[in-house]
Amino acid sequence: MEYILIFITAVFVNNIVLSQFLGICPFLGVSKKVETAMGMGAAVAFVLTLSTIVTYIIQRFVLETFSLEYLQTIAFILVIAALVQLVEIILKKVSPALYQALGVFLPLITTNCCILGVTILVIQKQYDLLTGVVYAFSTALGFALALIIFAGIREQLAMVNVPKGMKGMSIALVTAGLLAMAFMGFSGVDRGLASLLGIE
């Protein structure tokens, strides 16, 4: 039951992009087409879940064991960079079209603060490995959901006669703000569900 609560909270209530404002760069950059947004969402989900597992193990068995907690950020960035390289190699062989579509934004996953932020949050919240993985995967789904919805809206906006001063990034930012406000409607759902399930 606790995992259901973590899932709903991470996807809807505390959405990593629309509520915590992490991962804005790919959110705005890769959201022109739904297909590209889905690919980016899948890539982020894979990297985020895998990096959470690896960084958790490094934190617990290396950094904490040898009192090197101050190296957390550097160690986590190196792990994420290595995993992104792995995803890049796999995508290049498996789906060259998606690899081309993602373009420069695939290497940008390395510097995506969403991934680094979540791996650090898992440690700060003192989750165990399974809970941390559920949280990371749920957060990645929340990121993908926001990205795909935003891409769908932007595809529709491309066919609409938008005023000249609002074209391009201006209307995209207004749309992102409205989407964030829509997701604010989910606030309180986690507390209601927690009391319903009897979780403190």
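These remarks concern the structure in this document. If you're wondering where the values come from, they're calculated on a predicted model, not measured in any experiment. (Residues numbered from 1 in each chain as written. Predicted model: local features only at pLDDT ≥ 70, side-chain atom pairs only at ≥ 80, totals over all residues. Heavy atoms only, no water.)

Brief notes about the overall build of the protein
Along the protein, the regular secondary structure elements total 9 helices and 0 strands. The order of helices and strands in the protein, counted from the N terminus, is α-α-α-α-α-α-α-α-α. Radius of gyration (C-alpha) of the protein: 18 Å, near the 16 Å computed for a compact globule of 200 residues. Projected onto the principal axes, the alpha-carbon positions of the protein cover approximately 60 × 45 × 30 Å. Looking at the protein, you have 10 positive and 9 negative side-chain charges, and the mean spots of the two groups are 18 Å apart. (Helix = DSSP H or I, 4+ residues; strand = E, 2+ residues; numbered from the N terminus. Rg over C-alpha atoms; globule rule 2.2 N^0.38 Å. Lys, Arg positive; Asp, Glu negative; His and termini not counted. Charge placed at Lys NZ, Arg CZ, Asp CG, Glu CD.)

A word on the nonpolar core
Leu18, Phe27, Leu106, Ile109 and Tyr135 are the most contacted members of the largest nonpolar core, which totals 51 residues. Of all elements in the fold, only α1 (2-13), α2 (24-29), α3 (34-63), α4 (72-94), α5 (96-102), α6 (113-124), α7 (129-157) and α8 (169-183) reach the threshold of two or more residues within this core. Top element by residues in this core is α3. It accounts for 9 residues. In this view, Ile109 contacts Met40, Ala43, Val44, Val47, Ile80, Val84 and Ile115; residues no more than four positions away in its chain are not counted. (Core = buried A, V, L, I, M, F, W, Y, C linked by side-chain atoms within 4.5 Å. Buried < 20%, exposed > 50% of the residue type's maximum accessible area, 1.4 Å probe, protein only. Contact = heavy atoms within 4.5 Å.)

A few points about the side chain of Thr131
Looking at where Thr131 falls in the secondary structure, it is placed in helix α7. When sequence neighbours within four positions are dropped, the list of residues in contact with Thr131 reads Glu2, Tyr3 and Ile6.

A word on helix α9 (residues 189-197)
Side chains that are three or four residues apart share a direction in an α-helix, a result of its 3.6 residues per turn. Here α9 has its buried residues at Asp190, Leu193 and Ala194. Taken down its axis, α9 places every buried residue within 105° of arc, on the same side. Among the exposed residues of α9, those oriented more than 90 degrees off its buried face are Arg191, Ser195 and Leu196. The elements touched by buried residues of α9 are α1. With its phi angle positive at about 75°, Gly198 sits one or two positions after the end of α9. (Arc of directions from axis to C-beta.)

Focus on unusual backbone geometry
Although it is not a glycine, Phe21 adopts a positive phi angle of roughly 55°. If you trace the backbone, Phe21 turns up in the loop between α1 and α2. For Gln126, which is not a glycine, the phi torsion comes out positive at approximately 55°. Position of Gln126 among the secondary structure elements: in the loop between α6 and α7.

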